[in-house]
Amino acid sequence: MSARVVTISAAFGAGGPVVGPAVAGRLGLPFVDRAIPELVAGEIGCTLEEALAHDDRAESGIGRILAGAARLPTVALGMDVYFPERAVPLPEEFVEHTESVITRTAERGGGVLLGRAAAVVLAGYEGALHVRLDGPRERRLARAAAEMPPEPGRAARTGTPDRDVERMLDDNDRARTAYVKHFYGADPADPRLYHLVIDSTGVPVPATVELIVVAALAV
């Protein structure tokens, strides 16, 4: 037996976008990340930008701007984001369709799912492995600073966290926690939600991937 579904909940700076695709490649499963808001957007007829405004990993500041702009008649934000004159889908509607995409992914061959409270949505699903990636705030900050692309016209980042990175980490932590608590009454950092909890800031990426793959093959 082996898990056909692996859910990964990753704190900001814990390496989810790197670990997820690597695990999917090792297990021969699709990696489902951006595909979720894209599919949801298509189903409920909203733009990807609107969907991301309700996404659990959208930076809270950007999410608020997008959600607010989408309620105005015609707004261009100067970054190829345009909202037509129509209502924005309710957050509950977005979550309902996101859950539908997660469930269909599990039922149609499986995949590696990153974020969107997938471990809670598929809590009773047989053959699923639920993983949490986390780590001390200081080490998550350092990793985020090292991986952050330099801003146009500025030198490459040195890997030393600055206020921008700290604010981004704090905003993301609050947004992701609020999403899960609001819609599911759970704390995404609760280890009881997962089969495997890894400090991915202390364990190297290859070893983290190996731990998840071994666990998935054993489920």
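The rules we used
- Residues numbered from 1 in each chain as written.
- Predicted model: local features only at pLDDT ≥ 70, side-chain atom pairs only at ≥ 80, totals over all residues.
- Heavy atoms only, no water.
- Salt bridge = Lys/Arg side-chain N within 4 Å of Asp/Glu carboxyl O.
- Helix = DSSP H or I, 4+ residues; strand = E, 2+ residues; numbered from the N terminus.
- Buried < 20%, exposed > 50% of the residue type's maximum accessible area, 1.4 Å probe, protein only.
- Pairing = 2+ DSSP bridges.
- pLDDT = per-residue confidence, 0-100.
- Contact = heavy atoms within 4.5 Å.
- Expected span 1.5 Å × (residues − 1).
- Arc of directions from axis to C-beta.

Moving on: the pattern of salt bridges. What the rule picks out here adds up to 15 salt bridges. D33 is the salt-bridge partner of R116, the closest N and O atoms lying 2.9 Å from each other. Taken together, the residues span a long stretch of sequence, with R116 in the loop between β5 (111-114) and α6 (118-121) and D33 in the loop between β2 (31-32) and α2 (35-44) at a distance of 83 residues. Classification of R116 as buried rests on a relative accessible area of 2%. A relative accessible area of 14% means that D33 is categorised as buried. Note that D173 and R140 form a salt bridge whose closest N and O atoms lie 3.1 Å from each other.

Bringing the pairing of strand β6 (residues 128-134) into the picture now. Summarising burial for β6: six of the seven residues are buried, a large majority. Sheet topology places β6 next to strand β7 (residues 196-199); four bridges connect them, and they run parallel. The residue bridging D134 from the neighbouring strand is D199, located in β7.

Glancing now at the pairing of strand β1 (residues 5-10). Here β1 lies mainly inside the structure; six of its six residues are buried. Residues V5, T7 and S9 point to one face of β1 and V6, I8 and A10 to the other, with burial holding for every one of them. Two elements, β1 and β6, share six bridges in a ladder whose sense is parallel. Counted as the bridge partner of V5 is A128 from β6.

Moving on, we get to the confidence of the model for the chain. As a general rule, the predicted coordinates of low-pLDDT regions are not to be interpreted in detail. Model confidence for the chain is summarised by a mean pLDDT of 82, while 79% of its residues fall at 70 or above. Confidence, expressed as mean pLDDT per element, reaches its minimum in the chain at strand β3 (residues 75-76) with 34 and its maximum at β7 with 98. Within the model, the stretch residues 68-86 combines pLDDT values under 50 with 32 contacts to residues more than four positions away or in other chains.

For the rest of this paragraph, the subject is the sheet that holds β2. The five strands lie next to each other as β2-β5-β1-β6-β7, forming an open sheet whose pairing is parallel. For this open sheet the edge positions go to β2 and β7, each flanked by a neighbour on one side alone. The sheet contact formed by β1 and β5 spans four bridges and is parallel. Bridged to V5 within β5 is G111.

Okay, unusual backbone geometry next. With phi around 60°, R116 is a residue other than glycine that occupies positive phi space. Phi at A117 takes a positive value of approximately 55°, unusual for a residue other than glycine. Looking at the element boundaries, A117 is found in the loop between β5 and α6.

This part takes up helix α1 (residues 16-27). With twelve residues, α1 ought to run about 16 Å at 1.5 Å a step, and its terminal C-alpha atoms sit 16 Å apart, in line with that. Along α1, the residues that are buried comprise G16, V19, G20, V23, A24 and L27. One side of α1 holds all its buried residues, which, seen down the axis, span an arc of 130°. Exposed positions of α1 whose direction lies more than 90 degrees from the buried face are P17 and G25. Against the buried residues of α1 lie β1, β2, β5, β6 and α9 (205-218). G28 lies just past α1 and shows a positive phi near 70°.

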